[in-house]
Amino acid sequence: GVGEPEAIRRHWDIGVEVGMPATLMTEIKRTVTLVDASLFGNDWLDSRKASARNEEGAQHAGFETVGQLLAEQVEKADVVVMNKTD
């Protein structure tokens, strides 16, 4: 699935404020992004194919293109894991 790092952290903070049990027992220390190296460059530059693969065009609030979402995931990550196939 696709995660929006800022939204996840914001929702986690809300969970802490309202006393959600999981947020009281754990914490988010790092954001890790897994990048598909074989598709990232093309999807970042031209989001049309990525949009077609994306759960029948599911919308992600605040992002005009899949490329913008990919950029945020990498920019906000503390750790980026590159995955590729030979």
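Along each chain, residues carry numbers from 1 onward, in the same order as the chain's sequence is written. For a predicted model such as this one, the threshold for reporting local features is a pLDDT of at least 70, and the threshold for listing and counting side-chain atom pairs is 80 or more; totals across whole chains, interfaces and linings nevertheless cover every residue. Hydrogens are left out, water is left out, and the side-chain values use all remaining heavy atoms of the structure.

With that settled, the discussion passes to the overall build of the protein. Helix and strand assignments come from DSSP, with helices taken as H or I runs of at least 4 residues and strands as E runs of at least 2, each series counted from the N terminus. Across its full length, the protein carries five helices and two strands. The helix and strand sequence of the protein, counted from the amino end, reads α-α-β-α-α-α-β. By the burial criterion, 26% of the 86 residues in the protein qualify as buried. Whether two residues are in contact is decided by their heavy atoms: any pair within 4.5 Å suffices. In the protein, the share of contacts with a sequence separation of at least 24, taken over all contacts with a separation of at least 6, comes to 64%. Just so you have it, the protein exposes about 6600 Å², and 55% of that area is on carbon and sulfur atoms. Each residue is placed in one exposure class: buried if its accessible area under a 1.4 Å probe, protein chains only, is under 20% of its type's maximum, exposed if it is over 50%, and partly exposed if it falls in between. Under the convention used here, a 1.4 Å probe and the Shrake-Rupley method define accessible areas, while residue burial counts only the protein chains that appear.

In this section: the pattern of salt bridges. Each salt bridge in this description consists of a side-chain nitrogen of Lys or Arg and a carboxyl oxygen of Asp or Glu lying within 4 Å of one another. For the structure on display, the rule yields two salt bridges. The shortest N-O distance in the salt bridge between Lys 76 and Glu 6 comes to 2.6 Å. Separated by 70 residues along the polypeptide, Lys 76 in helix 5 (residues 66-76) and Glu 6 in helix 1 (residues 5-18) bring together distant segments of the chain. When its relative accessible area of 36% is taken as the criterion, Lys 76 is described as partly exposed. In this structure, Arg 9 and Asp 78 form a salt bridge, with 3.5 Å as the shortest nitrogen-oxygen distance.

A cluster of nonpolar side chains, Val 32, Leu 34, Val 79 and Val 81, forms an exposed patch at the surface whose accessible area comes to about 340 Å². Secondary-structure elements contributing two or more residues to the nonpolar patch are strand 1 (32-36) and strand 2 (79-83). A residue is classified by how much of its surface remains accessible, and Val 32, at 55% relative accessible area, is exposed. Like-charged residues are merged into a patch within 9 Å and nonpolar side chains (Val, Leu, Ile, Met, Phe, Trp, Tyr) within 5 Å, provided each residue has over 30% relative accessible area and no salt bridge.

Take the residue count of a helix, subtract one, and multiply by 1.5 Å to get its expected span. End to end, helix 1 covers 20 Å across 14 residues, agreeing with the expected 20 Å (1.5 Å per residue, within 8%). Among the residues making up helix 1, those that are buried are Pro 5, Ala 7 and Gly 15. Here the buried residues of helix 1 occupy an arc of 160 degrees about the axis, which is enough to place them on one side. Those residues of helix 1 that are buried lie in contact with helix 2 (21-25) and helix 5. Immediately beyond the C-terminal end of helix 1, within one or two residues, lies Gly 19, with a positive phi of roughly 80 degrees. For this quantity, the arc is that covered by the directions from the helix axis to the C-beta atoms.

This next bit is on the environment of Asp 43. Turning to its location among the elements, Asp 43 is positioned in helix 3 (residues 40-45). Its relative accessible area of 8% is what places Asp 43 among the buried residues. Sequence separation between Asp 43 and Gln 68 is 25 residues; the distance between their C-alpha atoms is 9.8 Å.

With that settled, consider the confidence of the model for the protein. The quantity called pLDDT is the predictor's confidence in a given residue, expressed from 0 to 100. For the protein, per-residue confidence averages 81 on the pLDDT scale, and residues scoring 70 or more make up 74% of the total. Here helix 4 (residues 48-53) stands out as the element of the protein with the lowest mean pLDDT, 63, in contrast to helix 2, whose mean of 93 is the highest.

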